[in-house]
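Inside the fold
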Amino acid sequence: MTVKRVGVIGAGTMGNGIAQTCTAAGLSVTMVDISKDALDRALVTIGVNLDRLVKKEKLSTQDKEAILGRITVATELSAVADVDVAIEAATENTALKLKLLRELDGLLGPDAILVTNTSSISITMLAAAVNRSEKFIGMHFFNPVPVMALVELIRGLQTSDETHQGMEALARQIGKTPITVRNNPGFAVNRILCPMINEAIFVLAEGIATAADIDEGMKLGCNHPIGPLALADMIGLDTLLAVLEVFYEGFNDSKYRPAPLLKEMVAAGYLGRKSGRGFYQY
Ligand code: NAD
């Protein structure tokens, strides 16, 4: 399977990073968003990211222009009809994704692979909504996409070996390292990470250690580049709570219960960096 043309649906935080990464690897990218503003912002973001690389002499001006020249943008989904792979990276909303994926399924050529970048919705359930279930897979990128080396490939129950191998090759082609995960709430990385952060919040709430000491402990004791509470502030406490609730309900297991302090902080509007206050002040 040779991938030359990629469609990216959704030009937000993840979409523009995915588009930049694919086009930097030589692929042609069509980026679609319902919002013209989002597309404009995405192109500015990609331009700024590439300028930074030019400044650091990691990219020539000529290559930068070539990369930008391989991206086209559109507000109509039909613009991706002829791509080899369509990567859906629109807003995390089940109804919206089901509608988008069904539309894409009807538009794309019979051999095209349909990919979603969802962080929390079941790949098996989304695959069941399209006719090309065996050509459907989750490709979970990490933020910021141009910097983070990992891609989780999430196989739904229906995903074929051919689709999986094709997307493993695509991940490598765009400079990422893929790991393979069976569909389950939180996939693998968030399934491990979020309960760890939740435990750090329990430890704080029980007065076992201060926030600064918990973070220092995990940085110096476990070689983590950032402490769990500072990371929670970065992710956003509302997002973290939503993820933990998906685990709690998805597994029906009390070990995933969100820390009461997390719930209270979200209720207070202390959401981390984005609200100026979380476990730390910003
Ligand atoms: P975002 O809000 O930054 O961007 C979403 C974009 O989708 C917006 O520009 C919006 O206009 C667009 N959109 C909405 N409806 C659309 C439609 N019908 N057609 C085309 N575009 C549409 O969101 P994001 O953070 O980039 O997240 C996108 C996806 O990536 C979500 O599924 C999320 O779970 C997943 N994800 C996010 C992160 C993260 O750290 N932000 C990490 C991994 C995966």
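Residues numbered from 1 in each chain as written. Predicted model: local features only at pLDDT ≥ 70, side-chain atom pairs only at ≥ 80, totals over all residues. Heavy atoms only, no water.

1. What about the packing of aromatic side chains?
Inspection of the entire model under this criterion finds 3 aromatic pairs. Note on Phe-247 and Tyr-256: the rings are 5.7 Å apart at their centroids and 75° apart in plane angle, and the pair reads as edge-to-face. Taking the relative accessible area as the measure of exposure, Tyr-256 reaches 4% and is therefore buried. An aromatic cluster is present here, built from Phe-247, Phe-251 and Tyr-256 joined pairwise through their rings. When the ring centre of Tyr-270 is taken as reference, the NZ or CZ atom of Arg-277 above it lies at 4.0 Å. (Phe/Tyr/Trp six-rings, centres within 6.5 Å; stacked < 30°, edge-to-face > 60°. Buried < 20%, exposed > 50% of the residue type's maximum accessible area, 1.4 Å probe, protein only. Lys NZ or Arg CZ within 6 Å of the ring centre and 35° of its normal.)

2. Side note on the nonpolar core
One finds Ile-18 and Met-31 to be the most contacted residues of the largest nonpolar core, which totals 33 residues. If you look at the next biggest cluster of nonpolar residues, it comprises 25 residues, including Ile-9, Leu-108, Leu-126 and Val-181. (Core = buried A, V, L, I, M, F, W, Y, C linked by side-chain atoms within 4.5 Å.)

3. A closer look at the domain arrangement of the chain
The assigned domain composition of the chain is domain 1 (5-182) and domain 2 (190-274). Centre-to-centre separation of domain 1 and domain 2, based on C-alpha positions: 29 Å. (Domains from an automatic or database assignment.)

4. Focus: the pairing of strand β6 (residues 136-141)
With respect to burial, β6 is a largely interior element, 6 of its 6 residues being buried. The alternating pattern of β6 places Phe-136, Gly-138 and His-140 on one face and Ile-137, Met-139 and Phe-141 on the opposite face, and all of these are buried. As paired elements, strand β5 (residues 113-116) and β6 share 3 bridges and run parallel to each other. Each bridged residue has a counterpart across the sheet, and for Leu-114 the counterpart in β6 is Phe-136. For the crossover that starts at β5, traverses helix α5 (residues 123-128) and ends in the parallel β6, the hand is right-handed. Taken together, the 4 bridges between β6 and strand β7 (residues 150-155) define a ladder with antiparallel strand orientation. Each residue of the ladder has a partner; that of Gly-138, found in β7, is Ile-154. (Helix = DSSP H or I, 4+ residues; strand = E, 2+ residues; numbered from the N terminus. Pairing = 2+ DSSP bridges. Right-handed = clockwise from strand over helix to strand, strands pointing away.)

5. As for the site of the ligand
Taken together, 21 residues lie near the ligand, and Met-14, Asp-33, Glu-92, Lys-97 and Ser-119 sit nearest. A distance of 2.5 Å separates an oxygen atom of the ligand from a polar side-chain atom of Glu-92. Contact between the ligand and Ser-119: an oxygen atom at 2.5 Å from a side-chain N or O atom of the residue. Protein coverage of the free-state accessible area of the ligand, which is 840 Å², stands at 76%. At a threshold of 2 Å from the grid points, most atoms of the ligand map onto the largest pocket. If you list the elements that add at least two residues to the shell around the ligand, you get α1 (13-24), α4 (94-107) and β6. Residue contributions to the shell around the ligand peak at 3 residues, all from α4. Grouping the amino acids of the shell around the ligand by side-chain chemistry returns 9 nonpolar, 9 polar and 3 charged. (Near = heavy atom within 4 Å. Polar contact = N/O pair within 3.5 Å; in protein donor to acceptor, adjacent residues only side chain to side chain. Areas by Shrake-Rupley, 256 points an atom, 1.4 Å probe, with all protein chains shown as cover. 1 Å grid on protein atoms, 1.4 Å probe; cavity = no way out; pocket = protein on both sides within 12 Å on 5 of 7 lines; lining within 4 Å. Sits in = over half its atoms within 2 Å of the grid points. Nonpolar A, V, L, I, M, F, W, Y, C, P; charged D, E, K, R; others polar.)

6. A word on the packing of helix α7 (residues 189-205) against helix α8 (residues 211-222)
Two elements in contact, α7 and α8, have axes whose closest approach is 10 Å; the angle formed by their N-to-C orientations is 140°. Relative to α8, the element α7 is oriented oblique. The hand of the α7/α8 crossing is right-handed. Contacts from Met-196, Ala-200, Val-203 and Leu-204 in α7 reach Ala-211, Ile-214 and Met-218 in α8. Class assignment of the residues belonging to the contact of α7 with α8 gives a composition of 7 nonpolar, no polar and no charged. (Axes fitted to C-alpha atoms, helices over the stretch in contact; angles between N-to-C directions. Parallel < 35°, antiparallel > 145°, perpendicular 65-115°, else oblique. Left-handed = near helix turned anticlockwise from the far one by under 90°. Contact = heavy atoms within 4.5 Å.)

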